[in-house]
Every structure is written in structure tokens, then in C-alpha cells.
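Structural features, examined
Each chain, written out:
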Amino acid sequence: MATPSSTVQMAIENRLKRLLHNSGYINPIKLADTLQGSIWRALNKSMNNTVVIKATKKNLHQHGIVVINGMQIDVEENIIKETAILKYLTECQNEYIKINNSDNDNKQTKRECPNSFVKYIDSFQTNYNYYLVMED
């Protein structure tokens, strides 16, 4: 028999699944809970590949807390900064940098970020959550 809290959690997860689906992320599957939300995998309908989506609860993020066993604990999680950093690292793939050499040539080379870096795909927000979409 489902407890009232598990019933509420299931309703929240079903609402999140519908939102992801309506945002173009098909068949979302929950991978894990995080300190302030959850991690999901889904098919990106527009790109026809799988992505990983980090959902962060706005109310927990804004207060810099997590609630564990009814206790509020301060955390240093920041989905806004994480999104900005990941977006910057992903976008730097397309930048060219000037190389200084002894010939005073104005040579440029493409900046290469390691393939081991997860790439930014998208981010969006609702009234309740922030979403960071990354390559799988």
C-alpha cells in the first residue's frame, strides 16, 4: 500500500514526466535523486538522441538548502552557475584563439575542449524547477 508521501512523490514525478515530454524530451526515466531534485534520461525528439536532464527545485536552490529526514541543511549547490559554466565550456568548442609565435604571425587555432566534458544542450525553467539538459 502506498503511503501518503509516496503518493505525493509519484504525482510530482508524473507531472515532471509530462512536462519533459511536452518540452520535447520523450520517455523520461528517473535515474537518481539529487540533493535538490533529480536526474533523468530521455530521448531528445528534435535531435533524436538521448540526453540527461538535471531537475532542481527552485525553492531549495533559492534558500541554498536540502531537507533530509525533516532537517534543513545548508548546501553549496548552484544550478545557475553550473549551467553557465557548462554552457561556456560547450560553446568554447567553436572559438578560435590567437597563437603568439616568434614569427609574429597572426595564426589562429580552434579551441578544443576535451571530449570527456559533458556538453550543454539546453536549459529552461518552470515555476517550480530549473532544468539543465546535457548530452548523454
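Now for a description of the structure that goes with this document. (Residues numbered from 1 in each chain as written. Predicted model: local features only at pLDDT ≥ 70, side-chain atom pairs only at ≥ 80, totals over all residues. Heavy atoms only, no water.)

1. A look at a nonpolar patch on the surface
There is a patch of nonpolar side chains on the surface, built from Leu 35, Ile 68, Met 71 and Ile 73 and spanning about 350 Å² of accessible area. Inspection of the secondary structure assignment puts Met 71 in strand S5 (residues 71–74). (Patch = residues over 30% accessible without salt bridge, like charges linked within 9 Å, V, L, I, M, F, W, Y side chains within 5 Å. Areas by Shrake-Rupley, 256 points an atom, 1.4 Å probe, with all protein chains shown as cover. Salt bridge = Lys/Arg side-chain N within 4 Å of Asp/Glu carboxyl O. Helix = DSSP H or I, 4+ residues; strand = E, 2+ residues; numbered from the N terminus.)

2. A word on the pairing of strand S3 (residues 49–57)
Looking at chain direction, strand S2 (residues 37–44) and S3 are connected through eight bridges and run antiparallel. The partner of Ala 42 across the bridge, within S3, is Val 51. Remark: four residues form the turn of the hairpin made by S2 and S3, two consecutive strands paired antiparallel; Asn 48 in that turn has positive phi of roughly 55 degrees. Relative to strand S9 (residues 129–135), S3 runs antiparallel, the two sharing seven bridges. Looking across to S9, one finds that Lys 57 is bridged to Asn 129. (Pairing = 2+ DSSP bridges.)

3. Focus on the side chain of Glu 13
Summarising the element assignment, Glu 13 is placed in helix H1 (residues 4–22). A polar side-chain atom of Glu 13 sits 2.5 Å from a polar atom in the side chain of Lys 30. Filtering out sequence-adjacent residues up to four positions away, Glu 13 remains in contact with Lys 30 and Trp 40. (Polar contact = N/O pair within 3.5 Å; in protein donor to acceptor, adjacent residues only side chain to side chain. Contact = heavy atoms within 4.5 Å.)

4. What about the sheet that holds S2?
Reading across the sheet, the five strands line up as S1-S2-S3-S9-S8 and stay open at both edges, with antiparallel pairing between neighbours. Edge strands, defined here as strands with exactly one partner in the open sheet, are strand S1 (25–33) and strand S8 (120–125). Put simply, the sheet's adjacent strands are angled 25 degrees from each other on average, direction ignored. Pairing of S1 with S2 involves six bridges; the strand directions are antiparallel. (Axes fitted to C-alpha atoms, helices over the stretch in contact; angles between N-to-C directions.)

5. Regarding unusual backbone geometry
Its identity as a non-glycine residue notwithstanding, Asn 27 has a phi of 50 degrees, on the positive side. Residue position: Asn 27 is located in strand S1. At Asn 69, a residue that is not glycine, the phi angle is positive and equals roughly 50 degrees. Examined against the element boundaries, Asn 69 turns out to sit in the loop between strand S4 (65–68) and S5. For Asn 69, a relative accessible area of 79% translates into the label exposed. (Buried < 20%, exposed > 50% of the residue type's maximum accessible area, 1.4 Å probe, protein only.)

6. With respect to the environment of Pro 114
For Pro 114, the position within the fold is in the loop between strand S7 (107–110) and S8. A relative accessible area of 37% means that Pro 114 is categorised as partly exposed. Through-space distance from the C-alpha of Pro 114 to that of Thr 90 is 9.8 Å; in sequence the pair is 24 residues apart.

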